[in-house]
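Notes for the structure review
Letter by letter, the chains look like this.
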Amino acid sequence: MLNNSKIAKGFLAAALTASLLIPSAAFANTEEEAGYSTENSRRPAFTKAREIKNRVREAGKNGRDDLLKLVEQYSPEDLDEWNEVFKEQREVKDELKELKGEIKETKGEKRED
């Protein structure tokens, strides 16, 4: 009787192991199938965020151009005002970048202390 229980326990362990490994092997993706390169697979979230940021930046440039075309078509007298607003927006973005750099420098100085 003891001999049969060992066989039953071994069979049960093998069945449980197979029930976990077979579906995993069937649905496992390789890097090539998933579309990741070895460089991108290290930090896929950061790579994806960078791609989204670039797409948004390009869409913003195109959107600005499209908006200026519409203003030029329907309200040419306001075109100069719109150009000034976009110029001011660029200046504010540049100021924010400078402030961000200064904040990074002060944080670096605090870490050194």
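Predicted, not measured: the structure shown is a model, and the values here were computed from it.

A few points about the overall build of the protein chain
Counting secondary structure elements, the protein chain contains 4 helices and 0 strands. When the elements of the protein chain are put in sequence order from the N terminus, they spell out α-α-α-α. Residue burial in the protein chain is summarised as follows: out of 113 residues, 4% are buried. With an accessible surface of roughly 10700 Å², the protein chain has 56% of that area assigned to carbon and sulfur atoms.

Observations concerning the packing of aromatic side chains
A full pass over the atoms with the stated rule returns 1 aromatic pair. Centre to centre, the rings of Trp82 and Phe86 are 6.2 Å apart; their planes meet at 45°, and the pair counts as tilted. A residue pair is termed a helical-turn pair when its members lie 3 or 4 positions apart in one helix, as Trp82 and Phe86 do in helix α4 (residues 79-112) at 4 residues. Cation over ring: Arg64 sits above Phe86, and NZ or CZ is 5.5 Å from the ring centre.

Remarks on helix α3 (residues 44-74)
Here α3 spans 44 Å end to end across 31 residues, near enough to the 45 Å set by a 1.5 Å rise per residue. Thr47, Leu68 and Val71 are the residues of α3 that are buried.

Some words on a nonpolar patch on the surface
Taken together, Leu67, Leu70, Tyr74 and Trp82 make up a surface patch of nonpolar side chains, about 410 Å² in accessible area. Of all the elements, α3 adds the most residues to the nonpolar patch, at 3 residues. Turning to its location among the elements, Leu67 is positioned in helix α3. Exposure remark for Leu67: the relative accessible area of 31% places this residue in the partly exposed category.

Conventions used here
- Residues numbered from 1 in each chain as written.
- Predicted model: local features only at pLDDT ≥ 70, side-chain atom pairs only at ≥ 80, totals over all residues.
- Heavy atoms only, no water.
- Helix = DSSP H or I, 4+ residues; strand = E, 2+ residues; numbered from the N terminus.
- Buried < 20%, exposed > 50% of the residue type's maximum accessible area, 1.4 Å probe, protein only.
- Areas by Shrake-Rupley, 256 points an atom, 1.4 Å probe, with all protein chains shown as cover.
- Phe/Tyr/Trp six-rings, centres within 6.5 Å; stacked < 30°, edge-to-face > 60°.
- Lys NZ or Arg CZ within 6 Å of the ring centre and 35° of its normal.
- Expected span 1.5 Å × (residues − 1).
- Patch = residues over 30% accessible without salt bridge, like charges linked within 9 Å, V, L, I, M, F, W, Y side chains within 5 Å.
- Salt bridge = Lys/Arg side-chain N within 4 Å of Asp/Glu carboxyl O.

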